[in-house]
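Each chain, letter by letter, is given below.
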Amino acid sequence: MSTSTILLIVIIAFIICDFVLERVLYGLNARNFGKPIPAELEGIYDEQKYQKQQAYSMSKYKVGIVTSVVSLVIELVAFGFGLFGWLDGVLREPVMSWTDNPVLQIILLSVLFFLVVMVVNHVIDIPLSYYSRFGIEERFGFNKSTKKLFWIDQLKSLLLSAIILILILSIVSWIYAVMPDWFWIMAWGVLTIFQVFIMTFYSNIIVPLFNKQTPLEEGELRSKIEAFATKVDFKLDNIYVMDSSKRSTHANAYFTGLGSHKRIVLYDTLISQLTPDEIVAVLAHEIGHYKRKHTLRQLFMSMASNLLMFYILGLAISSPELSEAMGGTVPAFHLGLMAIGILYTPISTAIGIFSNVLSRKYEYQADDFAKCNGMAPQLISALKKLSSESLSNLQPHPALVFVHFSHPTLLQRIIKLKA
């Protein structure tokens, strides 16, 4: 048996194992549906609303099964029949006729290859996204989007993803073509710069493409937020309200940006669902993340994990066996990149679990910051209201929480806040 055949078998095995793991986790979680609500959480749902929440969770679970099965079948067909190698062959001939510059050939082939894969994935995902929005979310009263807005969002997302992909992949593939020995460290540097740029300017550049953000108007809420920020010595110049209600009733607030570009963004749905004191408590939690440098720590951890990934890429991406495993007839940067992406799955899963464990620890610390500033009762009240309004599953299975949850459960957070 050839090395490329063994690699293909390993890739398919990883895809199947990942599918089985996900289905087991979500299957265990579904078994928790209908369990009696713990005493600490009583009052969040009355009997009628609890039945509605159970139906909502079950509907999402069933859609999740369909989505994962469709994804598995498509991946097995694509890898098993060498469709990625076939696509490489289809694109290679016109690219070779356009230019005889080997560097430009690598860049064009890589960009065109991943653009086609991205568009196909997007098209496949649209029916499930449409049903999720206008089937499930509509049925349970969350959807506020129109069909016109849905299609506009789809087009914007596709164009934005294409622009980012072309920009990043062009630079990375150029580095590989002209400096293969230094590819891993230089490509990591490019990704790190892009990551920091997005973290700093996400709310200024990306969000306005989809939502309108307006400064929070003067009044009781702004006065209370500014008073708390002054109390905890947090320099706050930018408080914005985002018109999320044009798409959904789900509520949120987030802290974004670095340095002088940091800002707090409140969903307008959050303002309509919570009292001013409860909103301040939610922001106290977000400020706690900043005060305890969680954002920077997570950035450094992400940089470290990306460095490991690029180091492995640098070692193996030129291997002709990787391209052969993908169905290619000649070594190709883009085929090696995709193959290593799958082979990296066990490492990325382990890093993801560790990252979530750390993230849950940080969430407790941010809650504790709010608690130390006298906001525990208001934060508990806010968390209960948000869970009720979003029909949250109050008792997710511990295994699912351990692997996938970046936040502790509501029960865990309340117990800690009351301790």
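Everything that follows concerns the structure shown earlier in this document.
On a predicted model such as this, the values are computed, not experimentally measured, just so you know.

Q: Could you give an account of the pairing of strand β3 (residues 253-256), with specific residues and numbers?
A: In β3, alternate side chains face the same way, and those of A253 and F255 on one face and Y254 and T256 on the other are all buried. Relative to strand β4 (residues 263-267), β3 runs antiparallel, the two sharing four bridges. Looking at the pairing, A253 lines up with L266 of β4.

Q: Describe the sheet that holds strand β2 (residues 239-242), with residues and values.
A: With mixed pairing, the four strands of this open sheet are ordered in space as β1-β2-β4-β3. Each having just a single partner strand, β1 (213-215) and β3 make up the two edges of the open sheet. Sheet twist, expressed as the average angle between the axes of neighbouring strands with direction ignored, equals 30°. Bridging between β1 and β2 involves three bridges; their strand directions are antiparallel. Paired with Q213 across the bridge in β2 is M242. Sitting on the sheet, helix α6 (residues 183-205) is in contact with β1, β3 and β4, with an inclination near 125° to β3. Each of β3 and β4 touches helix α9 (residues 276-291); the most contacted strand, β3, lies at about 30° to it.

Q: Which residues make up the layout of surface pockets, and what are the values?
A: If you add up the space inside the second largest pocket, you get close to 410 Å³. Those elements giving two or more residues to the lining of the second largest pocket turn out to be α4 (102-139) and α5 (147-178). If you tally residues by element for the lining of the second largest pocket, the top one is α5, at four residues. Broken down by class, the residue content of the lining of the second largest pocket amounts to eight nonpolar, seven polar and three charged.

Q: Account for empty space enclosed by the protein, with residues named and values stated.
A: Going through the model one piece at a time under the given rule, you end up with one cavity of 30 Å³ or more. Lining the largest cavity are N32, F33, G34, I37, Y50, Q54, N393, L394 and Q395. Tallied by class, the residues present in the lining of the largest cavity amount to four nonpolar, five polar and no charged.

Q: Please set out the packing of helix α1 (residues 3-31) against helix α12 (residues 333-343) residue by residue, giving values where relevant.
A: Their axes nearest at 9 Å, the elements α1 and α12 cross at an angle of 50°. What the angle tells us is that α1 and α12 run oblique. The handedness of the crossing between α1 and α12 is left-handed. Of α12, the residues touching α1 (which contributes L7, V10, I11, F14 and I15) are A339, I342 and L343. Within the contact of α1 with α12, the residues separate by chemical class into eight nonpolar, no polar and no charged.

Q: Talk me through α6; I want residue IDs and the actual numbers.
A: With 23 residues, α6 ought to run about 33 Å at 1.5 Å a step, yet its terminal C-alpha atoms sit only 29 Å apart, falling short of that. The sharpest bend along α6 measures roughly 45° and falls at M199. Looking only at α6, the buried set comprises F183, A187, W188, V190, T192, Q195, T200 and S203.

Q: I'd like to hear about the environment of S68, residue by residue, with values.
A: Its place among the elements puts S68 in helix α2 (residues 47-80). Along the primary structure S68 and E22 are separated by 46 residues, whereas in three dimensions their C-alpha atoms are 8.6 Å apart. Ignoring sequence-local partners within four residues, the contact set of S68 consists of F19 and R23. Separated by 3.0 Å, the side chain of S68 and the backbone oxygen of I65 make a polar contact.

Q: Tell me about the pattern of salt bridges, residues and numbers included.
A: Pairs may arise between side chains of opposite charge once their charged atoms sit close together. Taken as a whole, this structure holds eleven salt bridges when the rule is applied. Residues R222 and E218 are paired through a salt bridge, measuring 3.7 Å at the closest nitrogen-oxygen approach. Classification of R222 by relative accessible area gives buried; the value is 11%. Take E218: its relative accessible area is 65%, and that puts it in the exposed class. A salt bridge links R292 to D368, with the shortest nitrogen-to-oxygen separation between them at 3.7 Å. Placement of R292 in the loop between α9 and α10 (294-316) and of D368 in helix α13 (residues 345-372) is noted, with a sequence separation of 76 residues between them. Sharing partners across several salt bridges, the network here consists of E218, R222 and E226.

Q: Run through the packing of aromatic side chains, naming residues and quoting values.
A: Any aromatic ring pair is given by two values, namely how distant the centres are and how the planes are angled relative to each other. Enumeration over the complete set of coordinates arrives at 20 aromatic pairs. One aromatic cluster is present, built from ring pairs that chain together F79, F84, F113 and F114. Above the plane of the ring of Y240 lies R263, whose end atom (NZ or CZ) is 4.0 Å from the centre. Here the basic side chain of K416 rests over the ring of Y364, its NZ or CZ set 5.2 Å away from the ring centre.

Q: Give me helix α3 (residues 83-98): which residues, what numbers.
A: An α-helix turns once per 3.6 residues; consequently, residues spaced three or four apart project the same way. The terminal C-alpha atoms of α3 lie 23 Å apart, and with 16 residues this matches the ideal 22 Å at 1.5 Å per residue to within 8%. Along its length, α3 shows its largest kink, about 30°, at R92, and proline P94 lies within four residues downstream of that point. Of the positions making up α3, those classed as buried are F84, G85, L87, D88, L91, R92 and V95. Residues of α3 that are buried make contact with α2, α4 and α12.

Thresholds applied
Residues numbered from 1 in each chain as written. Predicted model: local features only at pLDDT ≥ 70, side-chain atom pairs only at ≥ 80, totals over all residues. Heavy atoms only, no water. Buried < 20%, exposed > 50% of the residue type's maximum accessible area, 1.4 Å probe, protein only. Helix = DSSP H or I, 4+ residues; strand = E, 2+ residues; numbered from the N terminus. Pairing = 2+ DSSP bridges. Axes fitted to C-alpha atoms, helices over the stretch in contact; angles between N-to-C directions. Contact = heavy atoms within 4.5 Å. 1 Å grid on protein atoms, 1.4 Å probe; cavity = no way out; pocket = protein on both sides within 12 Å on 5 of 7 lines; lining within 4 Å. Points joined across faces, edges and corners; volume = space filled by probe spheres on them. Nonpolar A, V, L, I, M, F, W, Y, C, P; charged D, E, K, R; others polar. Parallel < 35°, antiparallel > 145°, perpendicular 65-115°, else oblique. Left-handed = near helix turned anticlockwise from the far one by under 90°. Expected span 1.5 Å × (residues − 1). Bend = angle between axes of the 7 residues up to and from the residue. Polar contact = N/O pair within 3.5 Å; in protein donor to acceptor, adjacent residues only side chain to side chain. Salt bridge = Lys/Arg side-chain N within 4 Å of Asp/Glu carboxyl O. Phe/Tyr/Trp six-rings, centres within 6.5 Å; stacked < 30°, edge-to-face > 60°. Lys NZ or Arg CZ within 6 Å of the ring centre and 35° of its normal.

Take it as geometry only, folks, not as evidence of what the structure does.
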